[in-house]
Amino acid sequence: MLLAEQRRLLCEYGRRVVGTGLVLGTSGNLSVRAGDLVAVTPAGGALDRLEPESCPVVDVEGHLVDGDLQPSSETPMHLAVYASADVRAVVHTHSTFGTVVATTMTELPPIHYNTLLLGGIVRVADYATYGTPELAANVRAALDGRRAALLANHGGVTVGDDLEAAFEAARLLEWLCEVYVRARSVGEPRVLTEEQLAEVVHRSRNPPRFPRREG
Ligand SMILES: [Zn+2]
């Protein structure tokens, strides 16, 4: 079977995105790239009940190469991401807190330094109808230099060098959005300054070294 391992991974991570509450049923899609081919979850399929053969394979231009089912309607968005960034996996969800932020904000304010693990302040892509080239272009612009973006009134998308990395980015994005939303319910969250974020980057590049005890 073409891209057998990638299609097996889509089934595994399909179960994980549902199991961790990032996706309800069919409201999300995943893909993995290998060379000029992309294995993607099918249109309308519950992500926790996928079989490898139910995951279509398309080429980077969007032609169906293998599989009986149609690819996810958001496949143009996945292909736009692969065309513009050197990544190997894309995860798109309608996770609850990500969608709350995407419905109310133009970016996720950096109130926690782990924002930097996603490449910087997470932008919200302008709204466009799902599945359209316009949405794909908006997402591509919002993802520039980032591992994550939110989609206005829709959800979130994350990328990675493999499906594990894109999945972990999706979990982190949802956690950051949940912290922000919950913080707003208590008071006005303090936002980290550019200087504070730059200091975090400096710190991560220069970790403390602990000398070994002699004797
Ligand atoms: Zn969607």
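Anyway, here's the lowdown on the structure attached to this text.

Calculation notes
- Residues numbered from 1 in each chain as written.
- Predicted model: local features only at pLDDT ≥ 70, side-chain atom pairs only at ≥ 80, totals over all residues.
- Heavy atoms only, no water.
- Donors = N, O, S within 2.8 Å, 3.2 Å for Na, K, Ca; no water.
- Helix = DSSP H or I, 4+ residues; strand = E, 2+ residues; numbered from the N terminus.
- Buried < 20%, exposed > 50% of the residue type's maximum accessible area, 1.4 Å probe, protein only.
- Salt bridge = Lys/Arg side-chain N within 4 Å of Asp/Glu carboxyl O.
- Expected span 1.5 Å × (residues − 1).
- Polar contact = N/O pair within 3.5 Å; in protein donor to acceptor, adjacent residues only side chain to side chain.

Turning our attention to the coordination of the zinc ion. Listed as protein donors to the zinc ion are H92 (NE2), H94 (NE2) and H154 (NE2); their distances from the metal cover 2.1 Å. Ordering the donors of the zinc ion by residue number gives the pattern H-x1-H-x59-H. Taken together, the positions of H94 in the loop between β5 (89-93) and α3 (96-104) and H154 in the loop between β8 (148-151) and β9 (155-160) put the pair 60 residues apart, joining distant regions of the chain. Its relative accessible area of 34% is what places H94 among the partly exposed residues. Among the residues examined, H154 registers a relative accessible area of 12% and is labelled buried.

All told, the structure shown has 10 salt bridges when counted by the stated rule. Put simply, R33 and D36 hold a salt bridge, and the shortest N to O gap is 3.9 Å. Residue classification places R33 among the buried residues on the basis of a relative accessible area of 19%. A relative accessible area of 54% means that D36 is categorised as exposed. A salt bridge links R171 to E168; its shortest N-O distance comes to 3.4 Å. Taken together, the positions of R171 and E168, both in helix α5 (residues 163-186) and three residues apart, correspond to about one turn of that helix. Since its relative accessible area comes to 39%, R171 is described here as partly exposed.

Let us now look at α5. An ideal rise of 1.5 Å per residue puts 34 Å on 24 residues; α5 measures up with 35 Å between its terminal C-alpha atoms. Considered for burial, the residues of α5 that qualify are L163, A166, F167, A169, A170, L172, L173, E174, L176, C177 and Y180. At the N-terminal boundary of α5, the capping side chain belongs to D162, with an oxygen 3.3 Å from the backbone nitrogen of E164.

What follows is about unusual backbone geometry. With phi around 50°, L3 is a residue other than glycine that occupies positive phi space. Among the structural elements, L3 can be located in the segment before α1 (4-19). Take L3: its relative accessible area is 13%, and that puts it in the buried class. The phi torsion at N153 lies on the positive side, around 55°, for a residue other than glycine.

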